[in-house]
Amino acid sequence: MRKELFPGEQVIVVTRPQPRTLIAPALVFILVSAATAFACAWILRGGPARLIPAATPDWTPWLLGTCLALAGWVLLAYCLPRVLAWHASRYTLTSQRLIARHGLWRRRDQQVPLAAVRNVVVEQTLLQRSLRSGTISLETGHPGGAVIPDVPEVMTFRDFILDAIEELPQDDMQDDMQGGDALHGPAGWPDDRREGGRDER
């Protein structure tokens, strides 16, 4: 990441999406492993011969191999890609940008200059509130904006963003506002007119 920084740019925080997306792969891993162990023990105890009289002990290696192959296929096809995709996703906040990278094989790279941010919105579901995560929407005055899903410790991350925006040079903020569209408003707005300020509670 340091090789991609602009001159004078510093990394503030690096994090990954909230790992709640790994709950389903973890449950599948546990259930498949338990079911495979039970099936292998059942095969070794001669269970197939009681169900199918024609099943001889010669079938045991083949049945064990089939059972292990099915379990391995489920783990490799379902669990592993999701774990790798989560591990490859990363949110990086620097003193000038917010960079969100998703995906392993097909990577999506989203970068938002902090000087263009006009409003920072945090949305949380009931589950996200219990996990202290949430979705951050950055409004830049242009259609679409940027949405960063499942940010861990979302309120702290939002405060980091607002602090980084406040520490930007005022010349950069004014240049960006003058170069934007009419939705950005006049360049002479004072700092206290910028939306998304820190909550004072």
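Residues numbered from 1 in each chain as written. Predicted model: local features only at pLDDT ≥ 70, side-chain atom pairs only at ≥ 80, totals over all residues. Heavy atoms only, no water.

1. Considering the nonpolar core
Working step 1: Within the largest apolar cluster, 22 residues are counted, with the highest numbers of intra-cluster contacts made by Leu 98, Leu 114, Ile 136, Leu 138, Phe 157 and Ile 161.
Working step 2: For this core, the elements supplying multiple residues, two or more each, are β2 (90-94), β3 (97-102), β6 (133-139), β7 (146-152) and α5 (154-166).
Working step 3: Among the elements that line this core, the one with the most residues is α5, at six residues.
Working step 4: Not counting residues up to four positions away in its chain, the partners in contact with Leu 98 are Thr 92, Leu 93, Gln 110, Gln 111, Val 112, Leu 114, Leu 138, Ile 148, Phe 157 and Ile 161. (Core = buried A, V, L, I, M, F, W, Y, C linked by side-chain atoms within 4.5 Å. Buried < 20%, exposed > 50% of the residue type's maximum accessible area, 1.4 Å probe, protein only. Helix = DSSP H or I, 4+ residues; strand = E, 2+ residues; numbered from the N terminus. Contact = heavy atoms within 4.5 Å.)

2. Remarks on the sheet that holds strand β5 (residues 119-123)
Working step 1: The antiparallel open sheet is built from three strands, whose spatial order is β5-β6-β7. The open sheet terminates on both sides in strands that have one partner only, identified here as β5 and β7. Across the sheet, the mean angle separating the axes of adjacent strands is 25° when strand polarity is ignored.
Working step 2: Relative to β7, β6 runs antiparallel, the two being bridged by five bridges. (Pairing = 2+ DSSP bridges. Axes fitted to C-alpha atoms, helices over the stretch in contact; angles between N-to-C directions.)

3. Topic: unusual backbone geometry
Working step 1: A positive phi angle, near 50°, is found at Asp 150, a position not held by glycine.
Working step 2: Structurally, the position occupied by Asp 150 is in strand β7.
Working step 3: The phi dihedral of Glu 153 falls on the positive side, at around 45°, and the residue is not glycine.
Working step 4: Of note, Glu 153 is situated in the loop between β7 and α5.

4. Describing helix α3 (residues 59-88)
Working step 1: Taking 1.5 Å of rise per residue, the 30 residues of α3 would be expected to cover 44 Å, and the 42 Å separating its terminal C-alpha atoms lies within 8% of that figure.
Working step 2: Of all the bends in α3, the greatest, near 30°, is centred on Cys 79, and the proline Pro 81 appears no more than four residues after it.
Working step 3: Contacts from the buried residues of α3 go to α1 (23-44), β2 and β3. (Expected span 1.5 Å × (residues − 1). Bend = angle between axes of the 7 residues up to and from the residue.)

5. Some details on the pattern of salt bridges
Working step 1: This model, assessed by the stated rule, comprises five salt bridges.
Working step 2: One salt bridge connects Arg 97 with Glu 9, and the closest N-O pair in it is separated by 2.9 Å. Pair noted here: Arg 97 is in strand β3 and Glu 9 is in the segment before β1 (11-15), with a separation of 88 residues, a long-range link.
Working step 3: Note on Glu 9: relative accessible area 6%, which makes it buried.
Working step 4: A salt bridge links Asp 159 to Arg 158; the nearest nitrogen and oxygen atoms lie 3.2 Å apart. For the pair Asp 159 and Arg 158, one class covers both residues: buried. (Salt bridge = Lys/Arg side-chain N within 4 Å of Asp/Glu carboxyl O.)

6. Notes on α1
Working step 1: With 22 residues, α1 extends 32 Å between its outermost C-alpha atoms, agreeing within 8% with the 32 Å of an ideal straight helix rising 1.5 Å per residue.
Working step 2: Where α1 is concerned, the buried positions are Pro 25, Val 32, Thr 36, Cys 40 and Ile 43. Buried residues of α1 fall within an arc of 60° about the axis and therefore sit on the same side. Facing away from the buried side of α1 by over 90 degrees, the exposed positions are Ile 30, Leu 31 and Phe 38.
Working step 3: Buried residues along α1 sit against α2 (47-51) and α3.
Working step 4: Phi turns positive one or two residues past the end of α1, at Gly 46, with a value near 85°. (Arc of directions from axis to C-beta.)

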